[in-house]
Amino acid sequence: MFCEVRAVSRRVAEAGVISALCFVLSYIEFLLPISFGLPGIKLGLANICIVYALLRRGTGMAAFVSAVRVLLSWLMFGSFMSFIYSAAGAALSLAVMSLMKRSRHFSAVGISSAGGFMHNTAQVAAAITLTGTPSVWRYLPPLWLAGTLFGALNGLLAGEIIRRSVRPHEDERRTENDKTGT
Amino acid sequence: MSGSIIKKGDIAVISAGILLSALLFAASIIPTKSGSAVEISLGGEAVEVLPLDEDRTFEVGGALTVVIKNGEASVSGAVCRGKLCEKHRPISRAGEVIVCAPGGVVIRVLGEGPDFVL
Amino acid sequence: MKKLLAVLLCLTFLTGCSRRPTRFSAVYTDVFDTVTEFTAYCQSSEEFEKYSGQLHGELLRLHGIFDIYSYCDGINNARSLNEAGEPIVIPAELMEVIASGLSWYDETGGKLDLALGSVLRLWEDCREKGVLPDDSELKARAEHISPENIVIEGETCYLSDPETSLDFGALAKGYAAEKCAEMLEGAGLSDFAISCGGNVVTRGKKPSGSWEIAVEDPNGGFAATVKVSGLAVVTSGDYQRFYEVDGVRYHHIIDPDTLYPASLWRSVTVVSPSSAEADALSTALFCLDLETGRELCKNHGAEAMWIDKDGNVTETDGFGELKK
């Protein structure tokens, strides 16, 4: 009983920390004067946190962090349109990444790469639907390429963070958590 | 656990992403060169859509014959007096039109293009 | 896994949308001896049919007024006027276009002459026969192309010279397109475009942005594409209506001074808030040199693009800004 309560509060605390970090990364990226010439092409640094949350704590945690990020970004520095795009991107990306996690054929790199790809796919789909401009699909090739490559890079970082942050004894607790939680 | 060791699946995902981008990019630059089909309408009603990559002829309502050759559409055998449509240079770009006003025939290259061509 | 990705991809793209206006188009081939295209964004096909019906009715009405080939039931139209030897009451629309024609004549130094009818009919007859007009016949007819022969008294009008005849080819379509656009706007339609034989008038915009109008390059492809909203675009080109005699092309825009097809330009495109002005300007500019044309555009707040015999393109600064 005590154990469970501890586990829950631990999860809540962790969710808060990851969400905060995630938001900070979004903010840093917002501040960075990097432009790739096309709207929508971004490093997607925040995805590092999402991938971390997904792989270490499961879909629920990742969805929570993702939702917090999307909402906060909208409230802090987004327009409603960009919120829709970003929400669509986050949802599809998370759905695909979570499915891929189950298959065991992919590491953080592949999962994150597909996530980036899907994020941009959903953004463009949302843009086509909302603006009624089918020709927006012409933006897809560069967006896909950027999503795939930056996604892979972020995945590499996330994987490395996971590898370094997991201490042997914590690894056991993690499996325990996975059983009790969800 | 899912660490940073790159697996075969990862390579497949990244390759697929790059490949799809390249394929779609190729697809996105080809159709801008020329439209792929013409729509023929008679009196405002679309009567036929003909692909431009297939040489053939099509008679429209006894008014004229649309000729598709080498990826371009032109008109022959117009029965109207001026036969201006016959003299129009062949069309192939999205949005281009040949009009036969007396016969009420409009031949338009389909695809993403301008709303009107003057 | 790939299958799954494919399915997800499809689902994303199929996500439907609603309440966005849909694009509708209609074509009329029975007005102004040309093709008129009407494109609009409406919520339903019923709504579009309603506007399309109103537009067609108005176009037919105006066509009747400016028709020089047939009479129009119940009113004195252009043909009635051409044949009238005494003052007759003419519709306000006809009077308005005649008045504007007279002021264009003064402003363009006679390059836009609505009394050019007799000369134009001769070229028209010859075009149908595929022969060239007799030079002495052209000169004989040119004796009767002065708009001074148009006598206006109150609501009545007549031509003092029985050999004089009016032609509204350079004015009527642009005027009609403008009138129709005003009517549709008044009826509550906001996003539409009408192309009446190459006189494009636009209102509002498409969901994806401004209306895009391409101008043909006589040598192939498009010379320019302009993005406009609420503006009219008209092109006068030697490739629009022409015939050939012994391999030489003779087109339909006749210079009143030489009585032969104007040969300065291959095409002139005018963008202006008013389609009536754009129509008149494009014809006038086609017969005028670049500097005079530029001046005329400036006076009327219009932008223009000229394509000369060698395919060289010249444009006003404002025209360049309209290109995408």
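Residues numbered from 1 in each chain as written. Chains lettered and ligands numbered in written order. Predicted model: local features only at pLDDT ≥ 70, side-chain atom pairs only at ≥ 80, totals over all residues.

Glancing now at the overall build of chain B. For chain B, the helix and strand inventory stands at two helices and eight strands. Helices (α) and strands (β) of chain B occur, in sequence order from the N terminus, as α-β-β-β-β-β-α-β-β-β. For chain B, the residues scored as buried account for 36% of the 118 residues in total. By sequence separation, contacts in chain B at least 24 residues apart represent 28% of the contacts at least 6 residues apart. (Helix = DSSP H or I, 4+ residues; strand = E, 2+ residues; numbered from the N terminus. Buried ≥ 20, exposed ≤ 12 C-beta atoms within 10 Å, placed from the backbone. Contact = placed C-beta atoms within 7 Å.)

Our next topic: the interface of chain C and chain B. Across the boundary between the two partners, chain C contributes 27 residues, which contact 18 residues of chain B. Sorting the residues of the side of chain C that touches chain B by element identifies strand 1 (22-31), strand 2 (34-42), helix 5 (117-129), strand 6 (192-196), strand 8 (211-216) and strand 10 (232-237) of chain C as the ones contributing at least two each. With six residues, strand 8 of chain C is the largest single contributor of residues to the side of chain C that touches chain B. Counted by class, the side of chain C that touches chain B contains 11 nonpolar, 10 polar and six charged residues. Both strand 8 (residues 116-117) of chain B and strand 8 of chain C contribute to a ladder of two bridges, which runs parallel. By the bridge assignment for strand 8 of chain C, phenylalanine 116 of chain B is matched with isoleucine 213 of chain C. (Nonpolar A, V, L, I, M, F, W, Y, C, P; charged D, E, K, R; others polar. Pairing = 2+ DSSP bridges.)

Moving on: the packing of helix 6 (residues 140-165) of chain A against helix 1 (residues 8-29) of chain B. At their nearest, the axes of helix 6 of chain A and helix 1 of chain B sit 8 Å apart, and the two run at 165° to each other. Here helix 1 of chain B runs roughly antiparallel to helix 6 of chain A, going by the angle between their axes. Where helix 6 of chain A crosses over helix 1 of chain B, the handedness of that crossing is left-handed. Together, Leu140, Pro141, Trp144, Leu145, Thr148 and Ala152 of chain A of helix 6 of chain A and Ile14, Gly17, Ile18, Leu20, Ser21, Leu24, Phe25 and Ser28 of chain B of helix 1 of chain B make up the contact between the two elements. For the contact of helix 6 of chain A with helix 1 of chain B, a count of residues per class yields 10 nonpolar, four polar and no charged. (Axes fitted to C-alpha atoms, helices over the stretch in contact; angles between N-to-C directions. Parallel < 35°, antiparallel > 145°, perpendicular 65-115°, else oblique. Left-handed = near helix turned anticlockwise from the far one by under 90°.)

This part takes up unusual backbone geometry. Not every positive phi belongs to a glycine, and arginine 104 of chain A is a case in point at roughly 70°. Along the polypeptide, arginine 104 of chain A turns up in the loop between helix 4 (80-103) and helix 5 (108-131). On the basis of neighbour count, arginine 104 of chain A is assigned to the exposed category, with 10 C-beta atoms found within 10 Å. With phi around 55°, phenylalanine 32 of chain C is a residue other than glycine that occupies positive phi space. With respect to the helices and strands, the residue phenylalanine 32 of chain C is situated in the loop between strand 1 and strand 2. For phenylalanine 32 of chain C, a count of 23 C-beta atoms within 10 Å corresponds to the buried category.

Quick look at the interface of chain B and chain A now. Each partner contributes to the interface: chain B provides 18 residues, whereas chain A provides 24 residues. A breakdown of the residues in the side of chain B that touches chain A according to their chemical character gives eight nonpolar, seven polar and three charged.

As a further point, take the pairing of strand 1 of chain C. Residues and elements named next belong to chain C. Sheet analysis places strand 1 next to strand 2, joined by eight bridges and oriented antiparallel. Bridge pairing links serine 25 to threonine 39 in strand 2. Linkage of strand 1 to strand 2, two consecutive antiparallel strands, is achieved through a turn of two residues, within which phenylalanine 32 is found at a positive phi near 55°.

Once that is clear, we can look at the confidence of the model for chain A. Per-chain confidence: chain A averages 82 in pLDDT, with 81% of residues scoring 70 or above. The low-confidence segment residues 171-182 of chain A (pLDDT under 50) makes 10 contacts with residues lying over four places distant or belonging to another chain. (pLDDT = per-residue confidence, 0-100.)

To continue, consider helix 2 (residues 46-57) of chain A. Residues and elements named next belong to chain A. Taking 1.5 Å as the rise per residue, helix 2 with 12 residues should run 16 Å; its terminal C-alpha atoms sit 16 Å apart, in good agreement. Among the 12 residues in helix 2, 12 count as buried, and that is most of the element. Taken as a whole, helix 2 has its buried residues at Ala46, Asn47, Ile48, Cys49, Ile50, Val51, Tyr52, Ala53, Leu54, Leu55, Arg56 and Arg57. Count one or two residues on from helix 2 and you reach glycine 58, which has phi positive near 95°. (Expected span 1.5 Å × (residues − 1).)

Below, the discussion takes up the nonpolar core. Among the nonpolar cores identified, the biggest contains 116 residues, and Val233 and Val271 of chain C are the most heavily contacted of them. With eight residues, helix 8 (residues 275-287) of chain C is the single largest residue contributor to this core. Inspection of this core shows a minimum of three residues originating in each of domain 1 (78-159) and domain 2 (210-322) of chain C. Apart from the residues within four sequence positions on either side, valine 233 of chain C is in contact with Leu118 of chain B together with Val200, Ile213, Val226, Val228, Thr269, Val271 and Ala278 of chain C. (Core = buried A, V, L, I, M, F, W, Y, C linked by C-beta atoms within 7 Å. Domains from an automatic or database assignment.)

To continue, consider the sheet that holds strand 7 (residues 105-109) of chain B. Residue and element names in this part refer to chain B. One open sheet holds the four strands; their spatial order is 2-1-7-6, and the pairing between them is antiparallel. The strands lining the two open edges of the sheet, one partner per strand, are strand 2 (45-51) and strand 6 (97-100). For this sheet, the mean angle separating the axes of adjacent strands, direction not counted, is 15°.

Attention shifts here to helix 2 (residues 45-66) of chain C. Residues and elements named next belong to chain C. Across its 22 residues, helix 2 extends 31 Å between first and last C-alpha, which sits within 8% of the 32 Å expected from 1.5 Å per residue. Those residues of helix 2 that fall on the buried side of the exposure criterion are Phe48, Tyr51, Ser52, Leu55, Leu59, Leu62, His63, Ile65 and Phe66. Angularly, the buried residues of helix 2 cover 150° about the axis, an arc narrow enough to put them on a single face. Away from the buried face of helix 2 by more than 90 degrees, exposed residues Glu46, Gly53 and Gly57 are located. Tucked inside the fold, the buried residues of helix 2 contact strand 1, strand 2, helix 3 (78-83), helix 4 (92-107) and helix 7 (172-186). (Arc of directions from axis to C-beta.)

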